Amino acid sequence: MTLLRVKNLKKHFKTESGLLTNITNRVRGKEPEYVHAVDGISFELAEGETLGIAGESGCGKSTTGMLLTKLYEPTDGEIFYRDDEFSSLSGEKLDEYRQNVQMIFQDPFESLNPSMTVYDTLAEPLRMFDHSHEKDRIYRVLNFVGLQPAEEYINALPGELSGGMRQRVAIARALILDPDFIVADEPVSMLDVSLRAGVLSLMNDMTEEFGLSVVYISHDISLLQHMCDRIAIMYMGKIVEIGSAEEIVANPMHPYTQALINAVPVPNPNQDRSRVELPGEVGDAVNVPDGCRFKDRCPEYIEGVCDEEPALEEKMAAGADRNVSCHLYD
C-alpha cells in the first residue's frame, strides 16, 4: 500500500541580495531570482519501504527531506499522505501527520537542545500531543536505541554524551511518537567511523522492528545500497534515475549515476573497472540551463538532442524496475 505520493514537487528560494541591490532591481523592473532547489520531482513510497536519495551537494536531496516533513512549504506540486493532500491538512489531520512523520537530522551536536536533559528531550513531543505513560515510553525507547540502563542517561545533558550517544537520542526522539515514516538526512556523516556501524545497525533494527517507511538522504551510495530497497539519483533539483538499489548499483544507466557509482571506493585494489570522469561542478541552480541539466558535464552529450529536457517516466509506482531521464534511452 502506498504511504506517500509526490507529484511534480518544487521548492524555489528567492536569492538574498543587499538592500541597495533590491531597490535598484525594483526600479529597473528586474524580476527577482530564485534558486531551483527542487524543480519538479515525482515518486511514491510504499508502507515499510526504504528509499535512498543520492547526489552531489546542492542537488536538492536535503531540501526534499525538509519538504516531506513539512519543515519547508512547497512552491508547487503535491504531496499525498495516505491519500490526503499535504497542503490541505489542518486540525486533527495535521496533528496526525506531524506525529507520523519524523526526521533524524545530520548533526547530533546541533539538533538537540543543549539545555534539555535526555528525559525532557523525549518527553516534549509526548506532552505536545498529550500521550499517556510518558515515563514507560521514554524508558522503552531508550532501551531500544541501546542507551541502557535508561536510568543512567535520563538526566544527562547533550554535552555530557558522545556523538554516537547523541545520535541515538535523536533516533529515540524520532521514534517516541511511533511514526509511520522517517526522513534520515545524512544520519551518520557527522560521526566517527568507529561509531557509524553501530548507529546504522540500530537504524536497520528500527526499520524492521517498527515496520517504518524511511527516506535516507546521503551522498554515500554504498551506504544506501546496504540500507535501502530503492535509490533515487538527483541532479540540479531533478530525479534523473530511480530504481531498485541492487540494480542502480550493479547497472547504472544515466551517465551521472555511472559517474557516482564509479567514484565509490572498492576494497580490492586489483579490481579493474572503467572510471567516468565528470568535468566541472554542479550547474547554476539560479540560471538553469535549457534542455538536459547535465548536458554541460555529460560524456554522452549529443548536440541538438540534449538541448531538449528529457522526461522521466511517469509510472513511478513503488517497486518499478527503473526510470531514467536521459535521451540515450528515448
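Please read these numbers as outputs of a predicted model, since none were measured by experiment. (Residues numbered from 1 in each chain as written. Predicted model: local features only at pLDDT ≥ 70, side-chain atom pairs only at ≥ 80, totals over all residues. Heavy atoms only, no water.)

So, about the overall build of the protein chain. When you go through the protein chain residue by residue, the secondary structure sums to 10 helices and 11 strands. Classification of the 330 residues of the protein chain by burial places 49% in the buried group. Pairs at least 24 residues apart make up 68% of the contacts formed inside the protein chain by residues separated by at least 6 positions. (Helix = DSSP H or I, 4+ residues; strand = E, 2+ residues; numbered from the N terminus. Buried < 20%, exposed > 50% of the residue type's maximum accessible area, 1.4 Å probe, protein only. Contact = heavy atoms within 4.5 Å.)

Among the 5 residues of strand 3 (residues 50–54), 5 are classified as buried, and the element is accordingly described as predominantly covered. Here strand 3 shows two buried faces, one formed by T50, G52 and A54 and the other by L51 and I53. Note that strand 3 and strand 8 (residues 213–217) share 4 bridges and pair parallel. Residue pairing for strand 8: G52 is matched across the bridge by Y216. For strand 3 and strand 9 (residues 230–235), the ladder comprises 4 bridges, and the chain directions are parallel. (Pairing = 2+ DSSP bridges.)

A separate point is the confidence of the model for the protein chain. Mean pLDDT over the protein chain: 86, with 88% of residues reaching 70 or higher. Considering each helix and strand of the protein chain separately, the mean pLDDT is smallest for helix 1 (residues 19–27), with a value of 54, and largest for strand 3, with 97. Contacts of residues 314–319 to residues separated by more than four positions or lying in other chains number 15 contacts, the stretch itself having pLDDT below 50. (pLDDT = per-residue confidence, 0-100.)

Let us now look at the sheet that holds strand 1 (residues 2–14). The strand order across the open sheet formed by 4 strands is 2-1-4-5, and the pairing between neighbours is antiparallel. Single-partner strands in this sheet number two, and they are strand 2 (34–46) and strand 5 (84–85). Where strand 1 lies against strand 4 (residues 76–81), 5 bridges are found, and the strand directions are antiparallel. The residue of strand 4 that forms the bridge with V6 is I79. Across the sheet, helix 2 (residues 61–68) lies against strand 1, strand 2 and strand 4, angled at about 65 degrees from strand 2, the strand it touches most. (Axes fitted to C-alpha atoms, helices over the stretch in contact; angles between N-to-C directions.)

Taken together, the 7 strands give an open sheet; going across it, the order is 6-7-8-3-9-10-11, and neighbouring strands pair in mixed fashion. Each end of this open sheet is capped by a strand with a single partner; those strands are strand 6 (101–104) and strand 11 (322–324). The sheet shows a mean angle of 20 degrees between the axes of neighbouring strands, taken without regard to direction. Bridge count for strand 9 against strand 10 (residues 238–244) is 6 bridges, and the pairing is antiparallel. Note that in strand 10 the partner of I233 across the bridge is E241. Of the strands in this sheet, strand 6 and strand 7 (181–185) touch helix 3 (residues 91–100), which is tilted by about 35 degrees from strand 6. Its contacts with the sheet put helix 7 (residues 193–210) on strand 3, strand 6, strand 7 and strand 8, and the angle it makes with strand 8 is roughly 155 degrees.

Turning next to helix 3. Restricting attention to buried positions, one finds in helix 3 the residues L94, Y97, Q99 and N100. In this structure, the buried side of helix 3 is in contact with strand 1, helix 2, strand 4, strand 6 and strand 7.

Here the focus is the packing of aromatic side chains. Counting across every chain of the model gives 7 aromatic pairs. Three or more aromatic residues joined by ring pairs make a cluster, and in this case those are Y81, F86 and Y97. A cation sits over an aromatic face here: R5 above F80, 4.2 Å from the ring centre. The lysine or arginine in question, K70, covers the ring of F86, its NZ or CZ lying 4.1 Å from the ring centre. (Phe/Tyr/Trp six-rings, centres within 6.5 Å; stacked < 30°, edge-to-face > 60°. Lys NZ or Arg CZ within 6 Å of the ring centre and 35° of its normal.)

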